[in-house]
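Chain by chain, the residues run as shown.
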Amino acid sequence: MFFLKEFNKFCLFFLVAAFLVSGCEAPKTRIIAQKDDDGAISDIDEIDDIENSDAEENDTEKKDDVVHDDDSVIKTCGNSVVDTGELCDGNVKNCTEIDPVKYIAGKAKCGEDCLGWDTETCEENPYECGNGTVEGNEICDGGLKNCVEIDPVKYESGKAKCLENCTGYDVATCVEKEIPDEDTGDTGDTGDTGNTGDTGNTGDTGNTGDTGTPCGSVKFDGTSGYVEVIHNSVLNLSGNWTLEAWVMQYSTDGQMPIIRKGNTTTNPAYYIYGYEYQIFFPSNAYGGYYYITDTSESVTANTGFDINKWYHIALVKSGTELKIFINGVADGTETVSNNPMNNTENLFFGSRRSSTPSYLDGLIDEIRISSTARYSSNFTPDKRLNNDSNTIGLWHFEEGSGTVADNLAGSGLDGTLKGGATWTNQCVDNYEVPVVEKVDTIGSSDTDYYGTSRMRGNFYSVTKSKTLTKIEAYLSLPDAGATIYYDIYESSVLNGTYTHKISYTVPFTLGGASFYSSGAIAVDLEAGKFYYIGTRWQSESVTYYYNSSSEQSYVTDFGKWEQGMMNGVGINPSTFTYENTDIDYAYYQRLTTK
């Protein structure tokens, strides 16, 4: 009896202890990047490192992928080799590769039994597939997409639905292009391996891009991979210069270094980082340089990045301006007054070599360093960057084997792949570069007048075929607003008959002086033809603005301004002749084309 009582006490003590232990939760922590005094993210080498342990009360629920009976543990588990029957063995995997719907970031360790992944460290997707809004790591959320937009090389027509899990499109309805019956592609019949030179990897995998050039990039594992270029004095920049790269990020968790000239003991001469999410200091892509110790100048982009998409980033110093371009669009400008400091440190791609290093998780296809300011306004980035007299270094990353990344500029700046940096056959050459839109401004607010039932706009000649995507007219509407009509007419000659092409009606409910937009439109402007583009209104009293100078001219991205047009009607005619309208001043407009 005494033994039974003691045993019961022991069981009660054990249950209480287990309850207390299970109720405790380890603190959640992150690595936090420091900022300069002005609030901008800096490249300074100190980062507060905190031990990361995300213990949860329902710990067994997060480890469902790795809990197995003891009998299922494979005897060779733990030898760091994935043997038959094992899913993994000692390695880590991006959580988005385990379940791209459920997880948006993080890395998972292999389970102790080698039969699954410990997803405790994965960051779950907080967004909902099916709500009609593309969020987080979703590729789509409902709707259709033209098949040629999904893969212009593979498909010629058709539309694809978004998959139910929002991870992509169902291409079963896409019509594939016919492949010519030629002895190319599948086998790359150029010898035993299909290798046609150091970079001509066109053999068994048919590894070429849209332009027929070799296709490749470097994959950085996010934990140890980088490319190192030994210092050369030509890498010390001054005056005008450009750093640029094509980058695809697999994650945004932590710093994403792309280019950095500096080692563990010094500030970097210059640098570019991708989009990064830190719990206190999230940042879009940014770049800059140090001109003296601990003092830098930098610029941050306004546009964020999506994971698993290619982006062209360019950092340009021109005189006293430091600009950053994202996919060819100027996305941030700062005034600067210094040159990057000279140092003798090596150049690194994909890693921040410091006392607390960070690594890119993603791909880099192209990097070019130039001794000139290559871009001053919006442009369409080349998928494969060119070598010229202003090129200091150019790395295509197309080698596909070995550890040497050739510098095509020939200045002895070959890179070396180290750590978890490996070759891939992916490249930006298979990526459809977004077409950059151009905005042309015609007229000014120099003179204004008002009235009801008016038709005001401009005549244009078109020398380059473009698509008109937006019309904006500078007007002052009544406080209650007004309905504005946007008209486009077409003619084969300037002094001819103009035929109505299309109109857009936009009711505005607020007034005041401003640019009033047609919203997104798509109207083809054909080279060699002439167009009237303008606005109308009816019973409302609207003030309109124009440049009344007798000597003025405007060159546009698609052609040029020819003359203004005024007509005292509020209802658009089906046709009108150039000679029967009042030819007047340049009416204040902004036209967006691509």
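Residues numbered from 1 in each chain as written. Predicted model: local features only at pLDDT ≥ 70, side-chain atom pairs only at ≥ 80, totals over all residues. Heavy atoms only, no water.

Time to look at empty space enclosed by the protein. Summed over the entire model, instances satisfying the criterion amount to 3 cavities of 30 Å³ or more. Considering only enclosed or pocket space, the largest cavity measures out at about 70 Å³ in volume. Taken together, Arg456, Gly457, Ala473, Tyr474, Leu475, Thr535, Trp537, Tyr544, Tyr545, Tyr587, Tyr588 and Gln589 form the lining of the largest cavity. The set of elements that each furnish at least two residues to the lining of the largest cavity consists of strand S31 (454–462), strand S32 (466–477), strand S37 (530–537) and strand S38 (542–547). Take the lining of the largest cavity: its biggest share by element is 3 residues, from S32. (1 Å grid on protein atoms, 1.4 Å probe; cavity = no way out; pocket = protein on both sides within 12 Å on 5 of 7 lines; lining within 4 Å. Points joined across faces, edges and corners; volume = space filled by probe spheres on them. Helix = DSSP H or I, 4+ residues; strand = E, 2+ residues; numbered from the N terminus.)

What follows concerns the environment of Tyr250. Position of Tyr250 among the secondary structure elements: in the loop between strand S13 (241–249) and strand S14 (257–261). In this structure the C-alpha to C-alpha distance between Tyr250 and Asn308, which are 58 residues apart in sequence, comes to 5.4 Å.

Right, let's get into the nonpolar core. Counting 43 residues, the largest nonpolar core has Phe349 and Trp395 as the members making the most contacts within it. At 4 residues, S13 tops the list of elements feeding residues into this core. Grouped together as the second largest cluster of nonpolar side chains are 31 residues, Val462, Val506, Ile533 and Tyr544 included. (Core = buried A, V, L, I, M, F, W, Y, C linked by side-chain atoms within 4.5 Å. Buried < 20%, exposed > 50% of the residue type's maximum accessible area, 1.4 Å probe, protein only.)

Right, let's get into the sheet that holds strand S6 (residues 144–146). Sheet architecture is open: 3 strands sit in the order S6-S8-S9, paired in antiparallel fashion. Whereas interior strands pair on both sides, the edge strands pair on one side only; in this sheet they are S6 and strand S9 (169–170). Both strand S8 (residues 159–162) and S9 contribute to a ladder of 2 bridges, which runs antiparallel. Across the sheet, Lys161 pairs through a bridge with Asp170, a residue of S9. (Pairing = 2+ DSSP bridges.)

Time to look at the state of the cysteines. As enumerated under the stated definition, the model contains 6 disulfides in all. Across the disulfide from Cys88 sits Cys110; the S-S distance is 2.1 Å. When the S-S torsion is 80°, as for the bridge of Cys88 with Cys110, the disulfide is right-handed. Linking Cys88 in the loop between helix H2 (59–62) and strand S1 (92–94) with Cys110 in strand S3 (residues 107–110), this pair joins segments that are 22 residues apart in sequence. For the pair Cys88 and Cys110, one class covers both residues: buried. Between the sulfur of Cys215 and that of Cys427 lies a disulfide, 1.8 Å long from S to S. In this structure, the disulfide formed by Cys215 and Cys427 twists by about -105° around the S-S bond and is classed as left-handed. (Disulfide = S-S within 2.5 Å.)

Taken by themselves, the reported measurements are silent on function.
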